[in-house]
Amino acid sequence: MDKYAEVREAVEAVELVDAHAHNLVALDSTLPFLNCFSEATGDALSYAPHTLNFKRGLRDIAELYGSEVSLRGIQEYRKCSGLQSISSLCFKAAKIAAILIDDGIEFDKMHEIEWHRSFAPVVGRILRIERLAEKILDEGRPDGSTWTLDTFTETFTGKLKSYPCKIVGLKSIAAYRSGLGINTNVTRNEAQEGLAEVLKVGSPVRITDKSFIDYLFVQSLEIALQFNLPVQIHTGFGDKDLDLRLSNPLHLRTLLEDKRFTKCRLVFLHASYPFSKEASYLACVYPQVYLDFGLAIPKLSVHGMISSVKELLELAPIKKVMFSTDGYAFPETFYLGAKRAREVVFSVLRDACIDGDLSIPEAIEAVKDIFSENAKKFYMTNLDFTPLDSKTNVSTNFVKIGCDALQPDVALVRIIWVDTSGQHRCRVVPRKRFHDIVIKNGVGLTVACMALISAVDAPADGTNLGGVGEIRLIPDLPTKCRIPWSKQEEMVLADMHLKPGEAWEYCPREALRRVSKVLKDEFNLVMNAGFENEFYLLKSVSRELKEEFIPFDSTPYCSTSAFDAASPMLHEVVAALQSLNIPVEQLHAEAGKGQFEIAFGYTTCTDAADNVVFAREVVRAVARKHGLLATFMPKFALDDIGSGSHVHISLWENGRNVFMASSEDSRHGMSKVGEEFMAGVLEHLPSILAFTAPVPNSYDRIQPNTWSGAYQCWGKENREAPLRTACPPGVPDGVVSNFEIKAFDGCANPHLGLASIIAAGIDGLRRHLTLPEPIDTNPASLDSEPQRLPRSLSESVEALEKDGVFRDLIGEKLLVAIKGVRKAEIAFYSQNKDAYKQLIHRY
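Small disclaimer: the values here were computed from a predicted structure and weren't measured.

(A) Representation of empty space enclosed by the protein within the structure. This structure, assessed with the given rule, holds three cavities of 30 Å³ or more. Size it by volume and the largest cavity reaches roughly 90 Å³. Looking at the largest cavity, the residues that line it are Ile416, Trp417, Val418, Leu493, Ala494, Met496, Cys507, Pro508, Arg509, Val613, Asn749 and His751. Of all elements in the fold, only β10 (412-418), β15 (489-499) and α17 (508-523) reach the threshold of two or more residues within the lining of the largest cavity. By volume, the second largest cavity is sized at about 40 Å³. Forming the walls of the second largest cavity are Asn533, Phe535, Ile598, Phe600, Val612, Ala615, Arg616, Val619 and Phe632.

Shown next, in the form of structure tokens:
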């Protein structure tokens, strides 16, 4: 066996984060297809077919398309297939799962950033600062007056400050205009004179004055520091507009030594070729410097590509080197960049192993770092994604796409959190205050917020949380988005911090991240989740001068007439969810009167939990708009069926579903790791219910013969079992792809619920637990019934108190608060028998 097969396998399997690219163009764009292979223009472009890159790239593309190995043959294939088809083919073959696009180059008939979402799960925007400045100057002053440095600076910095929630980084092309010898102490007079020189040229503006460019650069770095945005810098070669002598990154040493900017994260693009060694040195000695090798791969010869990447790694830490394609205009550029990058990185890392620089495990780790992990950390963006070959929708994410418009109509921002009792709450701030203050410092909130129960807004006893003490709600900017049903507002999910940068032990989102990290660090596993959300649509009626809520209709399961009646509302719900990038797999009328279900595609558990929060917001808000009340409470009517928030769970390792068995003779159709994880969940299910079925009303739902899972057992496609293994279409017979947990409802905080499932699964993996034999019939019909799950919230809290596994993994303080809130729920509803009816207004 090839000694380096594991390294090659890792290189071939890794999903790529393309950290620097540009927009694609329509097939009938005037941009010559020859530019796919060369930076040359005009007469120089006619020599492109005689380059090594062209000859090699032509063969690669023809092999992918199955076309004739000629420029004419490939162009004919492109024309016949269409842009959508060839883009899908190129991106799928490249296994690019995330693209960060600099749309500062304005190609003829180029597509907007949003259009690219069809081909990658994650698309983010890089804002080019020089282009932004040029657009501002071209638009002119609103009152027609002449720009001054002060008026320009106010407009420029104001626009930059409006972008952080919509972009993942800034970019400068100072190397193209006046070189990298940035004067960080450029004076106001020099900048004012530079602006005057720029304005003399007239429109369209092209900024080339060095003093003014240096001024823009410094202003942008200050904004980048304020909002913790990374900055991409063009270094090394490019088209003929560039003076190669001035694009050597060594010219940036004055900037790198400036104490104001030592914390500003910079990435040098294009391997700084031919100054790769210089770039490597700078990344070695300056902590803020990172490297990217797009363009050098695939534009150089094979020897040149390998040599350049080796030079980058001669001194630079592996954790600072990142992949990109520098793809632009043509989908083939993305494919060629990805294909050659895999081959080159394998060659470089294999040689490093041969030379003794790296061990095989270290080389495999380097693969993940270079192609994915380094970019995720550097751009500090939620770039988790479901592998592209999954059977369902690709991962949902919240990397928002910006646009040049400042969206001045947005007036307010909702900062949303979900408390211990699963209730959605929000603080609302004006948009300007959000950007000026809240992004960095958050908003204050009493610690009692995590001790409130579903009945009254007062802290529960026994939680150790009361009216003394305050935390900060810090917006998680990648989740920020326009509210579909209220166009003048945006919303963002919040993390709970003791102070900015220091997570609070009681934060549910942090609890889920914490246990997810344990699962990843100990077992190299990621848990994916996909929710099925059931809810009732109710209408208001007046009876004896009192308002009552009754079901929207009385139709049966999967009724077409029910869908017709609710169609206007459901269409709006689906459109809103799609605008938030939450993939809807299917929806239908459920068996309850006025009950519906929406199923979402699976994704990483952290994103899945966020999706549920936004989905509940969408459904309830759109229902209100249509004069209805939507409720996710577990048992709206005690004489009708309940509503669950069933969740499907799978385990992934290095982009592959490892819950599934690798061969048909494996036990129960699942892998050993899958069985151990699921066995842990089954063993701890009574305790998990304290998280996933958190109110007394939850247990009115979890009853035998209601498909809610009332017994502590599991089964294959058995909907009376609380844990059901599933074999969806496309999965081989006898093999299961995931398991479903039915004892999860709409009152649960989804982050805490998923955290409890992971904690139980970790215990199963640590102890190598095995599953009992599956129950293949209704457990209630057996002569010897399996153990009943808790019949009440009291029983599940009692089970949790006896269960030591959650203390270490969930956190002692958070666990005390959860138990205190649950006990308060028990006490209140036991003394107020009809109070559960008010839950329709809470959930």
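(B) Layout of a nonpolar patch on the surface. A surface patch of nonpolar side chains, about 310 Å² in accessible area, is lined by Leu250, Tyr281, Val285 and Leu315. With respect to the helices, strands and loops of the structure, Val285 is situated in helix α11 (residues 276-285).

(C) Region of the structure containing the packing of helix α2 (residues 52-65) against helix α14 (residues 331-355). Following both chains from N to C, one finds α2 and α14 inclined at 105 degrees, their axes separated by 11 Å at the closest point. The orientation of α2 relative to α14 falls into the category roughly perpendicular. Residues Arg56, Gly57, Asp60, Ile61, Leu64 and Tyr65 of α2 lie in contact with α14, whose contacting residues are Glu332, Tyr335, Leu336, Lys339 and Arg340. A breakdown of the residues in the contact of α2 with α14 according to their chemical character gives five nonpolar, one polar and five charged.

(D) The sheet that holds strand β7 (residues 289-292), seen in detail. Strand order in this open sheet of eight strands is β1-β2-β3-β4-β5-β6-β7-β9, and the pairing throughout is parallel. Sheet topology places β1 (16-21) and β9 (321-322) at the edges, where each strand pairs with a single neighbour. Here strand β4 (residues 169-172) runs beside strand β5 (residues 231-233); their pairing, made up of three bridges, is parallel. Looking across to β5, one finds that Lys171 is bridged to Gln232. Together, β6 (266-268) and β7 form the strand contacts of α11, whose direction differs from that of β7 by roughly 145 degrees. On the sheet, α14 packs against β1 and β2 (96-102) and is oriented at approximately 125 degrees with respect to β1.

Conventions used here
- Residues numbered from 1 in each chain as written.
- Predicted model: local features only at pLDDT ≥ 70, side-chain atom pairs only at ≥ 80, totals over all residues.
- Heavy atoms only, no water.
- 1 Å grid on protein atoms, 1.4 Å probe; cavity = no way out; pocket = protein on both sides within 12 Å on 5 of 7 lines; lining within 4 Å.
- Points joined across faces, edges and corners; volume = space filled by probe spheres on them.
- Helix = DSSP H or I, 4+ residues; strand = E, 2+ residues; numbered from the N terminus.
- Patch = residues over 30% accessible without salt bridge, like charges linked within 9 Å, V, L, I, M, F, W, Y side chains within 5 Å.
- Areas by Shrake-Rupley, 256 points an atom, 1.4 Å probe, with all protein chains shown as cover.
- Salt bridge = Lys/Arg side-chain N within 4 Å of Asp/Glu carboxyl O.
- Axes fitted to C-alpha atoms, helices over the stretch in contact; angles between N-to-C directions.
- Parallel < 35°, antiparallel > 145°, perpendicular 65-115°, else oblique.
- Contact = heavy atoms within 4.5 Å.
- Nonpolar A, V, L, I, M, F, W, Y, C, P; charged D, E, K, R; others polar.
- Pairing = 2+ DSSP bridges.

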